[in-house]
Amino acid sequence: MTQPRVDGRTARSERTRNAIVDAHLQLIREGDLRPTADRIAKQAGVSLRALWSHFADMEALFAASGQRILEVRDGSHRPISGKLPLGERIEAYCRQRARLLEQIAPTAKASAIKEPFSDTLQRYRRLHVERVRDELSALFAAEIDGNEELLNALTAVSMWPTWSTWREAMNLSVNASRATLARTISSLLAVSRP
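Just so we're clear, the structure is a prediction, and the values are computed from it rather than from any experiment.

1. A word on the nonpolar core
Across soluble globular proteins, nonpolar side chains show a tendency to be buried alongside one another.
At step 1: The biggest cluster of nonpolar side chains holds 41 residues, and the ones touching the most others in it are Tyr 93, Phe 140 and Ile 185.
At step 2: With nine residues, the top contributor of residues to this core is helix H5 (residues 86-114).
At step 3: Excluding its chain neighbours within four sequence positions, the residues that come into contact with Phe 140 are Leu 86, Arg 89, Ile 90, Tyr 93 and Leu 189.

2. Here's the deal with the confidence of the model for the protein
Close inspection of predicted coordinates is inappropriate for parts of the model with low pLDDT.
At step 1: With 95% of its residues at a pLDDT of at least 70, the protein reaches an overall mean of 91.
At step 2: Across the protein, helix H8 (residues 148-157) holds the top mean pLDDT of 98, while helix H4 (residues 58-76) sits lowest at 87.

3. Points about the packing of helix H1 (residues 8-29) against helix H2 (residues 37-44)
At step 1: The interhelical angle for the contact between H1 and H2, taken along N-to-C directions, is 115°, at an axis separation of 8 Å. With respect to H2, the axis of H1 lies roughly perpendicular. Of the two possible hands of crossing, H1 and H2 adopt the one that is right-handed. Seen from H1, the contacting residues are Ala 19, Ile 20, Ala 23, His 24, Gln 26 and Leu 27; seen from H2, they are Arg 39, Ile 40, Gln 43 and Ala 44.
At step 2: Here the contact of H1 with H2 is built from residues that sort into six nonpolar, three polar and one charged.

4. Quick look at unusual backbone geometry
At step 1: Its identity is not glycine, yet Asp 145 carries a phi of approximately 45°, on the positive side.
At step 2: As for its position among the elements, Asp 145 is in the loop between helix H7 (141-144) and H8.
At step 3: Phi angles above zero are rare outside glycine, and Asn 171 is one such case at about 60°.
At step 4: With respect to the element layout, Asn 171 can be found in the loop between helix H9 (160-169) and helix H10 (174-190).
At step 5: Look at Asn 171 and you get exposed, because its relative accessible area is 66%.

About the thresholds
- Residues numbered from 1 in each chain as written.
- Predicted model: local features only at pLDDT ≥ 70, side-chain atom pairs only at ≥ 80, totals over all residues.
- Heavy atoms only, no water.
- Core = buried A, V, L, I, M, F, W, Y, C linked by side-chain atoms within 4.5 Å.
- Buried < 20%, exposed > 50% of the residue type's maximum accessible area, 1.4 Å probe, protein only.
- Helix = DSSP H or I, 4+ residues; strand = E, 2+ residues; numbered from the N terminus.
- Contact = heavy atoms within 4.5 Å.
- pLDDT = per-residue confidence, 0-100.
- Axes fitted to C-alpha atoms, helices over the stretch in contact; angles between N-to-C directions.
- Parallel < 35°, antiparallel > 145°, perpendicular 65-115°, else oblique.
- Left-handed = near helix turned anticlockwise from the far one by under 90°.
- Nonpolar A, V, L, I, M, F, W, Y, C, P; charged D, E, K, R; others polar.

See the structure below:
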């Protein structure tokens, strides 16, 4: 069976688009939390005109970059068995959550700056919250047992703002922050429901 031919222009266009998204995320990882279109184009090795021909505006670039972040997150996420004893589930969840939060740290900081003014970034924030909430609901289903208040508390402590408080405002190490997350989740799950 023969492979379908890929149009050369389509392939070049896709490479340019990927280079722009890569450049955007690379600048953020390097500490430029508010990269301009000009700096992104320069980093990607393309003209500003090429950037705008691939992305109608910065919102469109945020959407493509947000999708890339989700793909990276999905590629590094490992399912945790709900059959493990509670202590092991908490430990595995907190270990993975710490790794993922450290991985997204630069983009989370950059997003926090622009999120109040960006529908796209607000949508991605809600999507991240839903994903964490779904994971918690599945992993600790027996312990949560339909308690929305408990699920809300578990979700809140698992998100970037809490992690950022531990890591940046309180200057805790990754291990200390992970231990604090584990202690908080353990405490929340140990409290008997009203």
